[in-house]
Protein chains: 2
Amino acid sequence: MAPKGQKFELKTPKGTKDWEGKDMVIRDKIFSTITDVFKRHGAVTIDTPVFELKDILSGKYGEDSKLIYDLADQGGEICSLRYDLTVPFARWLAMNRDCQAIKRYHIAKVYRRDQPAMTKGRMREFYQCDFDIAGVYDPMLPDAEIVRITTEIFEGLGWNGRYTIKLNHRKILDGIFEVCGVPSEKIRTISSAVDKLDKSPWAEVRREMTEDKGLAEEVADKIGEYVVLKGQKDLLSKLQDDATLMANASMKAGLADMELLFTYLKAFNALENVSFDLSLARGLDYYTGMIFEVVTEGSAPLASTSVAAAAAATPKPSKKSSGKKGGVDFDEDRSSDPSVGVGSVAAGGRYDNLVGMFSGKNQIPCVGISFGVDRIFSITKARMAADKNAEQVRNNETEVFVMAFGGKGFTGLLEERLSICTKLWEAGIKARAEFLYKIKPKLGNQFNAAEKNGCPLCVVIGEDEMAQGKVKIKEMGLRDGHPEKEGVMVSLDDLVPEVRKRILRKSNLEELVQEAAGLKVVGGIRGEPEPVPEPQPTKGLEGAALTEAPAEVSSTSQEAIPAVPAS
Amino acid sequence: MAPKGQKFELKTPKGTKDWEGKDMVIRDKIFSTITDVFKRHGAVTIDTPVFELKDILSGKYGEDSKLIYDLADQGGEICSLRYDLTVPFARWLAMNRDCQAIKRYHIAKVYRRDQPAMTKGRMREFYQCDFDIAGVYDPMLPDAEIVRITTEIFEGLGWNGRYTIKLNHRKILDGIFEVCGVPSEKIRTISSAVDKLDKSPWAEVRREMTEDKGLAEEVADKIGEYVVLKGQKDLLSKLQDDATLMANASMKAGLADMELLFTYLKAFNALENVSFDLSLARGLDYYTGMIFEVVTEGSAPLASTSVAAAAAATPKPSKKSSGKKGGVDFDEDRSSDPSVGVGSVAAGGRYDNLVGMFSGKNQIPCVGISFGVDRIFSITKARMAADKNAEQVRNNETEVFVMAFGGKGFTGLLEERLSICTKLWEAGIKARAEFLYKIKPKLGNQFNAAEKNGCPLCVVIGEDEMAQGKVKIKEMGLRDGHPEKEGVMVSLDDLVPEVRKRILRKSNLEELVQEAAGLKVVGGIRGEPEPVPEPQPTKGLEGAALTEAPAEVSSTSQEAIPAVPAS
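Residues numbered from 1 in each chain as written. Chains lettered and ligands numbered in written order. Predicted model: local features only at pLDDT ≥ 70, side-chain atom pairs only at ≥ 80, totals over all residues. Heavy atoms only, no water.

## As for the overall build of chain A
Right, on to step 1. Along the backbone of chain A there are 20 helices and 16 strands.
Right, on to step 2. For chain A, with 567 residues in total, the buried portion stands at 58%.
Right, on to step 3. For chain A, long-range pairs separated by at least 24 residues make up 71% of all intrachain contacts whose partners lie at least 6 apart in sequence. (Helix = DSSP H or I, 4+ residues; strand = E, 2+ residues; numbered from the N terminus. Buried < 20%, exposed > 50% of the residue type's maximum accessible area, 1.4 Å probe, protein only. Contact = heavy atoms within 4.5 Å.)

Have a look at this one:
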């Protein structure tokens, strides 16, 4: 045991945080939405260790390698924490030579010893959600499916088209640079300059090209004519009509890929949010074909709003964190810098040569995308905070609170409460049930506990009723005058089916309300919409006018009922 | 980019491994079973960073502190990888003073720089599944719910009573030691000796007590009379009838707790697999009350069997790992040492003073349990390997494979395949659909791809049929003579409901077969039992004699149908 009175600095390490409460619920919902889509497309998951041999990571990240966390040399192998999930995946492919093709996803934490600039959306420990397709296939089919998956994820998250999938192709970019006259040794560095067009105006990028990187002014100006272009098939046709461009082999190959891509995206019904954007360059060196990046509408301004709102809504800001010194402080860091936006929420591309860096003989072409969960989280949370009903997010998923009441000589009916909980836990539908850890609890305290967690159903037992083999089921938050407002007595034998019926009705209602409103994540985690139509036990669920429910809600009911937002 | 031809040692660090393929499927199923139970009891989850400030971990693990992984000092804070999930939870409680009560679970990796002795079931990176209840409550209620949760988890995993939850109480142990005359400064070290009774015979433990630890022989012999005792309420009564014992304050308090516990476990219907076992001592110093440990039947012998079987069934043993040097090698390490068993599969206890080590003022009593997923995994896998149908575990969850066929001039119908996949992905039920990334695929190759992953349904399109607005749905593995053996033609407009109907039927069937056989995990991940009763579309699912399905299976069907094991 540690000596008593030992002083600890009670905090998490710089750039890390604990995830808890409603934030965990929201984050888990984001994970499960993303995972569902990955599985829908036949992906499997691989779990690699948090640390790798240091040699495996060396030479993969250019100058960012200085951000890699090393483990202390305590004897034995020298290891480092993983910096991303792509290099471990490439290492795995190189090690497992009998796997020549795989669709894999991986959702895990990665580590970057960066200045923990919340202003850049950067923590030292953060999650990545990666999906990659490895293998030799007919061209552009995996690439197109990645775009399709991206649309499914953002639609699944309830973004309703409020995002743009920017697409470009390294061969097209290289073609432009070649045609414009960029010397071949300057192509990657000029590409890096172009990559800044989402943050900086053309004038600044042009200055970097000419002054910092020594490009001829007329070459820069020619590039400037191309990189402002964006569109869809129209842009493709325009480029294909340009004989000078088409004479360049790299350009021609890139445009052929884009043509296939557009054909496939049309068949995939995934064209709507796509923008073929010649300014998209991506920083990483290892991309060899398609590149993508997803931005959300009004990216920069939305960012300040969202972050401020998210910070305001954060239930427990760490008391220790103060500005620059402490761990995580969304509020002070980011909102003070108006030039910082949320930036991209997903990005990726084709990398056909990375696996070969580990094993030259076993070259496997790959294409993949990484979703930035932390950014998606803060946007989701901000949208919820902007919604007056966002407080409805529940901490836990308890569906039934079992409580007892009685007059003089009340024993607390503890064993009866335990038995009833057990009955519910053992029921086929696996009802989530809790009770108060108190021998003789007050009724008020039990109701408070149920309400605190937004528990939708209570089972109330009393001595006289128990003697008659009866218990009361009470739905929380029914409007005044509702026939079940005061609860309904049911036989103990019918308890499980009666509870099950109500849980099912609630979850069906929730689903319908969500579908009707096109909500999904944001709606799905906002709490339980109350079942407002009169209970119609004889007609069953089918008969109830479920989608009209929210309109009928009385404002006097105990829990606020979320209205369905117009958007 | 790294220089070409750079040599890498292609392996994971010592004591770590990649999780992939069927192992991932099994492990995920174990996680979801455990998580479901935690949530059913109202728990929320907290995610803490993988590394903590080194000071937080110091002084918590006694001499095992040398096993802690440190991060390199790259400037800034000194951090270490977490060693367990309990200390970070206690740190969190101390930091979050407005949380005075919580049920939390945490499933995450922990790190121990131990000799990676697979023979002891120890990896350097491994998962823990922790559930803890913190807060001041009426005595023994949280403790009893922990036991109840433990039974739900092992029943949920399909262990069908093949486990024992050993219970004891630190105050009872201390009472025995005091009554027997152990000097107070020797109580913890004698307790450690008793803790070895699950591995060593009494004679050896007695020798350690007397020779190594200098305990008087008559004292050791008195202890020997008690620590062999086990039972349930009978043992409790026996101890309560012993006036000498009851005169000891610690013993009296411990027995009062146990009496409450048995009352509550009875109401929880959780007594069946419980053993009140006076030999249970647990190593960790910080336990202050109830302690538990779960062992599985025939623990030591089952271990050798299970590990050998698991190793034999491992699809891809790492080619690099060789005995002591390499990463993970179940086979050579463990089966060569017959004295090593699987040991406990879960363990925990009450620790009322740990939070106070971080913050004296904010003392919060806690009780918790940690499930050893790696051990549970190897036992599960061994049981599946012992089952001739275990090969049925599927790698992915694809439900529908969309394929095309045609004669001369066959185009491949690629866009049509993409459209049909899209239709399925967009369907309400979210069918998991795949297709071959090939413009003009051969029918055989498409069937092979579907079969390789055990995909249960195919949608086959041909040019003529498409022209008539029709496609064929084919269920894989139907017996010869089955009316749908060659597939059924459906209108393109009916495709989604027809596919949905078949997926639903399959998943219902699977559930019923599992329930009938009491399988759960092992059954749930063994693949899709084929629907053998004749399709009865007019009667719907209710009419089919589903539970009798396996008996009718023809051995000639394409995929082997798992028989329902007797046990």
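## Some remarks on the state of the cysteines
Right, on to step 1. All chains considered together, the criterion is met by 0 disulfides over all chains.
Right, on to step 2. Left unpaired, C79 of chain B is separated from the closest cysteine sulfur, that of C79 of chain A, by 17 Å.
Right, on to step 3. Classification of C79 of chain B by relative accessible area gives buried; the value is 6%.
Right, on to step 4. As a non-bridged cysteine, C129 of chain B has C366 of chain B as the owner of its nearest cysteine sulfur, 18 Å distant. (Disulfide = S-S within 2.5 Å.)

## What about the environment of I379 of chain B?
All names here are of chain B.
Right, on to step 1. With respect to the helices and strands, the residue I379 is situated in helix 15 (residues 373-385).
Right, on to step 2. A relative accessible area of 1% means that I379 is categorised as buried.
Right, on to step 3. Taking the C-alpha atoms as reference points, I379 and V345, separated by 34 residues in sequence, lie 9.5 Å from one another.

## Quick look at the pairing of strand 5 (residues 125-134) of chain B
All names here are of chain B.
Right, on to step 1. Most of strand 5 is tucked away: 10 of the 10 residues are buried.
Right, on to step 2. Pairing of strand 4 (residues 102-111) with strand 5 involves 10 bridges; the strand directions are antiparallel. By the bridge assignment, K103 is partnered in strand 5 with I133.
Right, on to step 3. Across 6 bridges, the pairing between strand 5 and strand 11 (residues 366-371) is antiparallel. By the bridge assignment for strand 11, A134 is matched with C366. (Pairing = 2+ DSSP bridges.)

## Details of the pairing of strand 9 (residues 290-296) of chain A
Residue and element names in this part refer to chain A.
Right, on to step 1. Most of strand 9 sits out of view: 7 of its 7 residues are buried.
Right, on to step 2. Where burial is concerned, the two faces of strand 9 agree: the one with M290, F292, V294 and T296 and the one with I291, E293 and V295 are both buried.
Right, on to step 3. In terms of strand pairing, strand 6 (residues 163-169) meets strand 9 through 7 bridges, oriented antiparallel. Its bridge partner lying in strand 9, H169 is registered against M290.

## Section: helix 3 (residues 86-95) of chain A
Right, on to step 1. A large share of helix 3 of chain A lies buried, amounting to 9 of its 10 residues.
Right, on to step 2. Restricting attention to buried positions, one finds in helix 3 of chain A the residues T86, V87, P88, F89, A90, R91, W92, L93 and A94 of chain A.

## Quick notes on the interface of chain B and chain A
Right, on to step 1. Between chain B and chain A, the contact holds 101 residues from the first and 100 residues from the second.
Right, on to step 2. Taking both sides of the interface into account, the surface hidden between chain B and chain A amounts to around 9,200 Å²; carbon and sulfur atoms contribute 58%.
Right, on to step 3. On the chain B side of the contact with chain A, R40, D47 and Y437 of chain B bury the most area, a combined 10% of that side's loss.
Right, on to step 4. A salt bridge links R148 of chain B to E426 of chain A; the nearest nitrogen and oxygen atoms lie 3.1 Å apart.
Right, on to step 5. If you look at where chain B meets chain A, you find 44 residue pairs in polar contact (both at pLDDT 80 or more).
Right, on to step 6. Residue composition of the side of chain B that touches chain A, grouped by class: 44 nonpolar, 20 polar and 37 charged. (Buried area = accessible area lost by both parts, 1.4 Å probe. Salt bridge = Lys/Arg side-chain N within 4 Å of Asp/Glu carboxyl O. Polar contact = N/O pair within 3.5 Å; in protein donor to acceptor, adjacent residues only side chain to side chain. Nonpolar A, V, L, I, M, F, W, Y, C, P; charged D, E, K, R; others polar.)

## Quick notes on the sheet that holds strand 13 (residues 433-435) of chain A
Residues and elements named next belong to chain A.
Right, on to step 1. Strand order in the open sheet formed by 5 strands is 13-12-14-15-16, and the pairing between neighbours is mixed. Looking at strand neighbours, the two that pair on one side only are strand 13 and strand 16 (488-491), the edges of this open sheet. Averaged over neighbouring strand pairs, the angle between their axes works out to 30 degrees when direction is ignored.
Right, on to step 2. Sheet analysis places strand 14 (residues 457-462) next to strand 15 (residues 470-475), joined by 4 bridges and oriented antiparallel. Residue pairing across strands places C458 opposite K474, the latter belonging to strand 15.
Right, on to step 3. Contacts from helix 17 (residues 443-452) reach strand 12 (400-405), strand 14 and strand 15, with the element oriented near 175 degrees to strand 12. (Axes fitted to C-alpha atoms, helices over the stretch in contact; angles between N-to-C directions.)

## Looking at the relation of the copies chain B and chain A
Both copies of the chain are tied together by a single rotation about an axis and a shift running along it.
Right, on to step 1. Overlaying chain B on chain A yields an RMSD of 0.1 Å, the required transformation being a rotation through 180 degrees with an accompanying axial translation of 0.0 Å. Here the transformation between the copies is reduced to the relation of a two-fold axis.
Right, on to step 2. When the interface residues of chain B are mapped onto chain A, 99% of them again lie at the interface, so the same face is used by both copies. (Least-squares fit on C-alpha atoms with pLDDT ≥ 70 in both.)

## So, the domain arrangement of chain A
Right, on to step 1. Along its sequence, chain A is carved into domain 1 (21-302 + 339-386) and domain 2 (400-516).
Right, on to step 2. Between the C-alpha centres of domain 1 of chain A and domain 2 of chain A the distance comes to 50 Å. (Domains from an automatic or database assignment.)

## Here's the deal with the pattern of salt bridges
Right, on to step 1. Taken as a whole and assessed by the stated rule, the structure comprises 70 salt bridges over all chains.
Right, on to step 2. Here E208 of chain A and K213 of chain A are joined by a salt bridge, their closest N and O atoms 2.8 Å apart.
Right, on to step 3. The exposure class assigned to E208 of chain A is buried, which follows from its relative accessible area of 8%.
Right, on to step 4. Put simply, D143 of chain B and R350 of chain B hold a salt bridge, and the shortest N to O gap is 2.9 Å. Taken as a pair, D143 of chain B in helix 4 (residues 141-156) and R350 of chain B in strand 10 (residues 346-351) lie far apart in primary sequence, 207 residues in all.

## Topic: the sheet that holds strand 9 of chain A
All names here are of chain A.
Right, on to step 1. Spatially, 9 strands are ordered 1-4-5-11-10-9-6-8-7 in an open sheet, and the strand pairing comes out mixed. Only two strands of the sheet have a single neighbouring strand rather than two, namely strand 1 (44-45) and strand 7 (230-231).
Right, on to step 2. Its contacts with the sheet place helix 4 (residues 141-156) against strand 4 (102-111), strand 5 (125-134), strand 6, strand 8 (274-277), strand 9, strand 10 (346-351) and strand 11 (366-371), and it is angled at close to 15 degrees to strand 11.
Right, on to step 3. Against the sheet, helix 5 (residues 170-180) touches strand 6, strand 8 and strand 9, its axis set at about 60 degrees to strand 6.

## Structural notes on the packing of aromatic side chains
Right, on to step 1. Per the stated rule, a full pass over the model turns up 34 aromatic pairs over all chains.
Right, on to step 2. Ring geometry for Y111 of chain A and F51 of chain B: centres 5.8 Å apart, planes at 50 degrees, overall tilted. You can see Y111 of chain A sitting in strand 4 and its partner F51 of chain B sitting in strand 2 (residues 51-53), one on each of two chains.
Right, on to step 3. Of the residues examined, Y111 of chain A reaches a relative accessible area of 0% and is grouped as buried.
Right, on to step 4. Note on F51 of chain B: relative accessible area 1%, which makes it buried.
Right, on to step 5. Seen in terms of ring centroids, F38 of chain B and Y105 of chain B are 5.4 Å apart; in terms of plane orientation they differ by 40 degrees. Their pairing is tilted. Taken together, the residues span a long stretch of sequence, with F38 of chain B in helix 1 (residues 21-40) and Y105 of chain B in strand 4 at a distance of 67 residues. (Phe/Tyr/Trp six-rings, centres within 6.5 Å; stacked < 30°, edge-to-face > 60°.)

## A few points about the environment of S491 of chain A
Residues and elements named next belong to chain A.
Right, on to step 1. Position of S491 relative to the elements: it lies in strand 16.
Right, on to step 2. Along the primary structure S491 and T151 are separated by 340 residues, whereas in three dimensions their C-alpha atoms are 49 Å apart.
Right, on to step 3. Apart from the residues lying within four places of it in its own chain, the contact partners of S491 are G469 and K470.

## Observations regarding the packing of helix 1 of chain B against helix 4 of chain B
Residue and element names in this part refer to chain B.
Right, on to step 1. At a minimum axis distance of 9 Å, the contact between helix 1 and helix 4 shows a crossing angle of 145 degrees. You can see that helix 1 and helix 4 cross each other, and the crossing is right-handed. For the pair helix 1 and helix 4, the contacting residues are T33, I34, V37, F38 and R40 in the first and I149, E152, I153 and G156 in the second.
Right, on to step 2. Here the contact of helix 1 with helix 4 is composed, by residue class, of 5 nonpolar, 2 polar and 2 charged. (Left-handed = near helix turned anticlockwise from the far one by under 90°.)

## Details of helix 17 of chain A
Residue and element names in this part refer to chain A.
Right, on to step 1. Among all positions of helix 17, only Q446, F447, A449 and A450 are buried. Burial along helix 17 is one-sided: seen end-on, the buried residues are contained in an arc of 160 degrees.
Right, on to step 2. The secondary structure elements touched by the buried residues of helix 17 are strand 12, helix 16 (414-426), strand 14 and strand 15.
Right, on to step 3. Phi turns positive, to about 65 degrees, at G454, one or two residues after helix 17. (Arc of directions from axis to C-beta.)

## Points about the side chain of E498 of chain B
Residues and elements named next belong to chain B.
Right, on to step 1. With respect to the secondary-structure elements, E498 resides in helix 19 (residues 495-517).
Right, on to step 2. A distance of 2.8 Å separates a polar atom in the side chain of E498 from a polar atom in the side chain of R502.
Right, on to step 3. If we ignore the near neighbours within four places in the chain, the residues touching E498 are I473 and V490.

## Points about the packing of helix 5 (residues 170-180) of chain B against helix 6 (residues 187-194) of chain B
All names here are of chain B.
Right, on to step 1. One can describe the packing of helix 5 onto helix 6 by two numbers: an axis separation of 11 Å at closest approach and a directional angle of 110 degrees. Our classification of the angle between helix 5 and helix 6 gives roughly perpendicular. Residues R170, L173, D174, F177 and E178 of helix 5 lie in contact with helix 6, whose contacting residues are I187, R188, I190, S191 and V194.
Right, on to step 2. Split by residue class, the contact of helix 5 with helix 6 holds 5 nonpolar, 1 polar and 4 charged. (Parallel < 35°, antiparallel > 145°, perpendicular 65-115°, else oblique.)

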